[in-house]
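# Remarks on the overall topology
Single-letter residue listing:
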Amino acid sequence: MKTPTVAIVGRPNVGKSTLFNRIAGGRRAIVDDRPGITRDRNFAAAEWAGHRFWLVDTGGWTSGDEISAAIRRQIQLAIDESDVIVLVVDVQTGVHPADLEVADVLRPHRARV
Ligand SMILES: Nc1nc2c(ncn2[C@@H]2O[C@H](COP(=O)(O)OP(=O)(O)OP(=O)(O)O)[C@@H](O)[C@H]2O)c(=O)[nH]1
Ligand SMILES: [Mg+2]
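A brief structural summary. (Residues numbered from 1 in each chain as written. Chains lettered and ligands numbered in written order. Predicted model: local features only at pLDDT ≥ 70, side-chain atom pairs only at ≥ 80, totals over all residues. Heavy atoms only, no water.)

What follows is about the site of ligand 1. Surrounding ligand 1, one finds 16 residues, the nearest of these being Lys16, Ser17, Thr18, Gly36 and Thr38. Between ligand 1 and aspartate 32, the relevant distance is 3.2 Å, taken from an oxygen atom to a main-chain nitrogen or oxygen of the residue. In this structure, threonine 38 approaches ligand 1 through a side-chain N or O atom, which is 2.8 Å from an oxygen atom. When isolated, ligand 1 has an accessible area of 650 Å², and the protein chains bury 66% of it. Considered class by class, the residues forming the shell around ligand 1 number five nonpolar, seven polar and four charged. (Near = heavy atom within 4 Å. Polar contact = N/O pair within 3.5 Å; in protein donor to acceptor, adjacent residues only side chain to side chain. Areas by Shrake-Rupley, 256 points an atom, 1.4 Å probe, with all protein chains shown as cover. Nonpolar A, V, L, I, M, F, W, Y, C, P; charged D, E, K, R; others polar.)

Now for the coordination of the magnesium ion (ligand 2). Here the magnesium ion (ligand 2) is held by Ser17 (OG) and Thr38 (OG1), and the distances to it run 2.0 to 2.1 Å. On the criterion of sequence distance, the pair formed by serine 17 in helix α1 (residues 16-24) and threonine 38 in the loop between α1 and β2 (42-48) is long-range, its members being 21 residues apart. Owing to a relative accessible area of 16%, threonine 38 belongs among the buried residues under this scheme. (Donors = N, O, S within 2.8 Å, 3.2 Å for Na, K, Ca; no water. Helix = DSSP H or I, 4+ residues; strand = E, 2+ residues; numbered from the N terminus. Buried < 20%, exposed > 50% of the residue type's maximum accessible area, 1.4 Å probe, protein only.)

Here we come to the pairing of strand β1 (residues 5-9). Most of β1 is tucked away: five of the five residues are buried. Judged by which residues are buried, β1 turns out to be covered on both faces: Thr5, Ala7 and Val9 on one side and Val6 and Ile8 on the other are all buried. Pairing between β1 and strand β3 (residues 51-57): four bridges, direction parallel. The partner of threonine 5 across the bridge, within β3, is tryptophan 54. Note that β1 and strand β4 (residues 84-87) share four bridges and pair parallel. For isoleucine 8, the partnering residue across the bridge sits in β4 and is valine 86. (Pairing = 2+ DSSP bridges.)

By themselves, these figures tell us nothing about what the structure is for.
Structure, rendered in structure tokens:
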């Protein structure tokens with residue numbers, strides 16, 4: 001059976017890379033308190049609760065300039081190539097407009113979210 005792929009998606013600065021590092025182990029992904037740190041997709045072989053899978057960290061979803069358009073293309077690739085998508089949000093900040101944008105992007109894929 002093909003190894004499944006799990007993508008971590010969400011707006012900037014919600015802790016996607018922190019979660020990626022926690023699951024994949026170590027400090028592969030750069031974590032920072034400034035938004036917009038992760039840009040390209042970042043892959044790791046992971047194992048959790050006896051399941052092996054590819055874990056994919058993505059940049060934060062924002063609308064706007066050319067860099068964020070490039071990040072959005074990377075996120076779209078991750079969404080298209082993944083078996084499971086984890087939407088990360090910050091429950092302390094609450095619902096942010098960018099969370100709603102990501103939710104709109106993921107809605108057609110809801111069976112995998
Ligand atoms: N309080 C709290 N802070 C967290 C948690 N997870 C991550 N952080 C902090 O939030 C900040 C952003 O974390 P990152 O993991 O870099 O967030 P990200 O979603 O990958 O950000 P981008 O790559 O910029 O999209 C860092 O300062 C983390 O230490 C959490 O569960 N609770
Ligand atoms: Mg990140």
